[in-house]
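# Fold and geometry: a report
Residues per chain are reported as follows:
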Amino acid sequence: MAAHLSSGRVNLTALREAGRRELREFLDKCAGSKAIVWDEYLTGPFGLIAQYSLLKEHEVEKMFTLKPGRLPPADVKNIIFFVRPKLELMDIITDNVLREDRGRSPQRDFHILFVPRRSLLCEQWLKEQGVLGSFIHREQYSLDLIPFDGDLLSMESDSAFKECYLESDQTSLYHAAKGLMTLQALYGTIPQIFGKGDCARHVANMMIRMKREFPGSQNSIFPVFDTLLLLDRNVDLLTPLATQLTYEGLIDEIYGIQNTSEDFFDNLTVEQEFMSGIDTDKVNNYIEDCIAQKHPLIKILRLVCLQSVCNSGLKQKVLDHYKREILQTYGYEHILTLNNLEKAGLLKPQTGGRNNYPTIRKTLRLWMDDVNEQSPNDISYVYSGYAPLSVRLAQLLARPGWRSIEEVLKMLPGPHFEERQQLPTGLQKKRQQGENRVTLVFFLGGVTYAEIAALRFLSQMEDGGTEYIIATTKLINGTTWIKSLMEKLEPAPF
Amino acid sequence: MSRVRADEEEYWHSSKFRAFTFDDEDDELSQLKESKRAVNSLRDIVDDDDDDDLERVSWSGEPVGSISWSIKETASGSTGSLDGRDSSLQKGPSSYAALPKQASSYSLSSLFKGRNKLSSFQSLSDALTDTGIKNYAPELRRPKAEYKDYSSDWSPKDTVRRMQRGKICSLERFRSLQDKLLLLDEAVAGHDGNVITAVLIFLKRTLRREILFRELEVRQVALCHLIHFLREMGEQKFLLDLLRFLDRTEEVALSQYREHLNIQDVEKRREFLKGCIGLPFSAEDTSHIQDHYTLLERQIIIEANDRHLEMAGQSELFRKYPRKASILNMPLVTTLFYSCFYHYTEAEGMFSSPTNLKKTFKIPDKQYVLTALAARAKLRAWGDVDALLTTKNWLGYTKKKAPIGFHRVVEILQRNNAPVQVLQEYVRLVEDVETRLNLASKYKCHDVVIETYRDLKDRVQLTAYKCKVERGSAEEEKIQSILSNMQIRWKN
């Protein structure tokens, strides 16, 4: 069962075991028989940590899905809500609690387990509804990093990008840092930290500070990781916008969408034109046609954002034209979403008159014309000729190092830096002949399957020299990502 | 047990009475008994206002439900059977609190807090304070070391640390502005969003607005947190005041505009949007907001009118194609479609006419033709379609023109099941030959295929196409006659 977690270079089973321990402890606190009411979204991540058999061992007799109305009958002592800290879910919980029959005997105790973290806002909300006191245990299950695969960890925090880049809220960064501290506790201090981006800098600072404040965390575990690379999502805004062309990426993107294959290829063609720098400074006919035919708004937004990123921002006239067409076709209220996209740097006017993208593309060799998808020799196969910028940066860091691309790094947003963490003597890592380095790449703001594929490709390259473990705040694709930036247009639940 | 008593003595006689902080409630059962006694003796000291508090926490002999219960559970050595009922686990009525569960949140610390009579009883920092009592059965007691700072003051730094670990802290002791700001700065340095928000809520409650705003202006991180909190909780007025103070005018404008989504009544929404027009949007956005208002205004008029028409039952159009939905709050292009559908021939002076919409909102030709085409095609008004695509030059010559490409025209017509004769007209006009052939074969516009192959002088293809037409049909004859034409210089 844990085979897939131990198959990689780093055995992530230990991480999962730590997670299980914490879960067991909480379940035992709510002593007696219990029923768990699940936030559906969590069943996936939890399934990666523990099976139902473990829950049963701790007296979980029933499991329900969280929904409004009266809770289903269950002869248990405890009702435990496993939920994400979201206000809309608090409403449902309130409904469940208020409808509970007080006269019933025996009464059931209520508890909440916030995953992965508590939220003051949610508790305040519950208090205002008058139900906060109904809960006996209110805790958080700090599932900071969930092991998805032998080389893949995710926080599954879908608002991380929005919080960091739109709201300057660093809470998810704080939890990323905590997750990294947990990893170091299990797998040893990471001697070298590299980073690019504002959020990367914050996380590194937090890690250093946390280490200083908890001196007991200095452990004697032989370090598994050689390097940590922290990357801001906004260093590479382009990759998530383009349609992924790896198998997993495609499935992830296409599932649920009814494109005709013709339209799909048209879409792809336009994307690739933009990515190779063709006509990024004019209004695009295909995009206009799609707006005119009222294709799903997210598709439109992805394309115009892609154009904007590939042009380092759109000319004011072009931007105004697109905005007008979008608002007229989909509704004026979308001004709010467009505003968000501008704030995030995805759809903005060109400032400074210079388009840096062609230089970046050339220097980092992001566009490879002679890609061979059957037997690829370069990471550009994941987008049929386009190499993800983020992965290129990782690749170049390993060999020959970032000094060779100083100029280009300066064109990308945020600082780049290097930190070293002291290892106790005797734990200095001595690598064997031919042994690969292990680098943990942490994407702050989300990572796509294509980037994961590209990094895995690098890992298994002969004479590659480095194996990669990937961590992120969230697994994303262009659609889910843009969606997280869209303004919620339904009226607030009060 | 004796430790508790000693501390209780110290507590009641010390001058730090108001700075009561409550540590991890381990042995809470015993603490509760002590406190019950303390509460009763409190009556003389505490204000009258606090009487309601005392009532809520009715210490009628029942300990807060789950503690005794969980202790009882552990004591009974629950085997936690997996298949449901186990009589040893049945709770007797006595182990259940007579208090409604709500009351248990009004914990001891809230009784002893220096209470501000004006503000609401519970301060928000209490949300962390009233943590679901992390109660343990006695055998899971926390190590002694954690009792260390049981009753001493914690510095801002320590307080923040404790809050980060989810421990209970009362912030009331931070009275001076300087202390409060220190607390805030520590919280920000600690990065934990929950803690920062808790401190901000405390400051919001205990500081004058101007002072709070002024201090936040130079503390970006804290500022962002507060804004986020205000948005989430819907405290619109406070948020706008804050943004105005910061001179973040465009944000004020957008924030206010966002509120229109909460207004369901159309008239009220219209009024609201009108009020938004003067707000400090960017120039571009101002025109969009203006359009939004104008559009809704028009939609209200059209809707009222059309509903009336529909109910009167006089209009054939409305009878034949009853409206599926109201036009209110629909996007502009959708409104245009509606107008082209139900009000196509109306004069420009009418708000409901398509030409009026086009003029008022400066809808580009391309969009206009496309939308009108779709509407008329749906009504199978082929004559109108034709007229849309025909332009007359100054000499009076007509010419067919489509600002959107004829292949698109064909697509739209075909979607609306246009008869082949109509379709054919426009397939013929598709410029790109390959596309033309594709569409023509696809939609069985035989004449177009035949003519095109003839023009291409492609004998092979033309011959092959004979199989696709009906035996003995006019088309077959046509092909035959062309093939037998000696004058054509076939290329193959």
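Our structure is the block above this text.
None of the values given here were measured: they were computed from a predicted structure.

About the cut-offs
Residues numbered from 1 in each chain as written. Chains lettered and ligands numbered in written order. Predicted model: local features only at pLDDT ≥ 70, side-chain atom pairs only at ≥ 80, totals over all residues. Heavy atoms only, no water. Salt bridge = Lys/Arg side-chain N within 4 Å of Asp/Glu carboxyl O. Buried < 20%, exposed > 50% of the residue type's maximum accessible area, 1.4 Å probe, protein only. Helix = DSSP H or I, 4+ residues; strand = E, 2+ residues; numbered from the N terminus. Pairing = 2+ DSSP bridges. Right-handed = clockwise from strand over helix to strand, strands pointing away. Axes fitted to C-alpha atoms, helices over the stretch in contact; angles between N-to-C directions. Expected span 1.5 Å × (residues − 1). Phe/Tyr/Trp six-rings, centres within 6.5 Å; stacked < 30°, edge-to-face > 60°. Lys NZ or Arg CZ within 6 Å of the ring centre and 35° of its normal. Polar contact = N/O pair within 3.5 Å; in protein donor to acceptor, adjacent residues only side chain to side chain.

Residues and elements named next belong to chain B. Scanning the model with the defined rule gives 51 salt bridges over all chains in all. In this structure, Arg219 and Glu215 form a salt bridge, with 2.8 Å as the shortest nitrogen-oxygen distance. Among the residues examined, Glu215 registers a relative accessible area of 14% and is labelled buried. For the salt bridge of Arg323 with Glu310, the shortest nitrogen-to-oxygen distance reads 3.1 Å. Placement of the pair is Arg323 in the loop between helix H16 (316-320) and helix H17 (332-342) and Glu310 in helix H15 (residues 283-312), with a sequence separation of 13 residues. According to the relative accessible area criterion, Arg323 is buried, its value standing at 14%. Each of the salt bridges in this network shares a partner with another, and the network as a whole consists of Glu425, Arg428, Asp447, Glu451 and Lys478.

This paragraph deals with the pairing of strand S1 (residues 34-38) of chain A. All names here are of chain A. By the criterion of burial, S1 is predominantly enclosed, with five of the five residues buried. Bridge count between S1 and strand S2 (residues 60-65): five bridges; the pairing is parallel. Bridging across to S2, Lys34 finds its partner in Val60.

Burial analysis of strand S11 (residues 437-444) of chain A places seven of its eight residues in the buried class, which makes it a mostly covered element. Between the parallel elements S11 of chain A and strand S12 (residues 466-472) of chain A, the chain passes through helix H20 (residues 449-459) of chain A in a crossover that is right-handed.

Residues and elements named next belong to chain A. Reading across from one edge, S6-S7-S12-S11-S9-S8-S10 is the order of the seven strands in this open sheet, with mixed pairing throughout. The open sheet has two edge strands with one neighbour each: strand S6 (146-149) and strand S10 (416-420). The average undirected angle you get between the axes of adjacent strands in this sheet is 20°. Where strand S8 (residues 192-196) and S10 come together, five bridges link them in antiparallel fashion. Paired with Gln192 across the two strands is Arg420, which belongs to S10.

To continue, consider helix H11 (residues 220-233) of chain B. Residue and element names in this part refer to chain B. Helix length check: H11 (14 residues) gives 20 Å between terminal C-alpha atoms against 20 Å at 1.5 Å per residue, within 8%. Every buried residue of H11 is accounted for by Ala222, Leu223, Cys224, His225, Leu226, Ile227, His228, Phe229, Leu230 and Met233. Positive phi appears at Gly234, one or two residues downstream of H11, with a value of about 70°.

Quick look at the side chain of Asn234 of chain A now. Relative to the assigned elements, Asn234 of chain A resides in the loop between strand S9 (227-232) and helix H10 (238-241). Looking at Asn234 of chain A, the relative accessible area reads 17%, which means it is buried.

Once that is clear, we can look at the packing of aromatic side chains. Residues and elements named next belong to chain B. A full pass over the atoms with the stated rule returns 23 aromatic pairs over all chains. Each ring, one from Phe337 and one from Phe341, has its centre 6.2 Å from the other, and the planes form 25°; the classification is stacked. Residue Phe337 and its partner Phe341 are both found in helix H17; the two are separated by four residues, about one turn of the helix. Given the relative accessible area of 27%, Phe337 is considered partly exposed. The positively charged end of Lys204 is found above the aromatic ring belonging to Phe238, 4.8 Å away from the centroid. Taking the ring centre of Phe351 as reference, the NZ or CZ of Arg298 above it sits at 3.9 Å.

All names here are of chain A. Most of helix H6 (residues 120-128) is tucked away: eight of the nine residues are buried. All of the buried residues in H6 are Leu120, Leu121, Cys122, Glu123, Gln124, Trp125, Leu126 and Lys127. Put simply, Ser119 is the residue that caps the front of H6, since its side-chain oxygen is 3.0 Å from the backbone nitrogen of Cys122.

Turning to unusual backbone geometry, a few remarks are in order. Residue and element names in this part refer to chain A. Looking along the chain, the bond that leaves Arg399 and enters Pro400 is cis, with omega of 0°. Look at Glu59: it is not a glycine, yet its phi comes out positive at around 70°. A residue is classified by how much of its surface remains accessible, and Glu59, at 13% relative accessible area, is buried. Positive phi is not limited to glycine here, since Ser168 has a value of about 50°. By the secondary structure assignment, Ser168 is in the loop between helix H7 (160-165) and helix H8 (171-187). A residue is classified by how much of its surface remains accessible, and Ser168, at 32% relative accessible area, is partly exposed.

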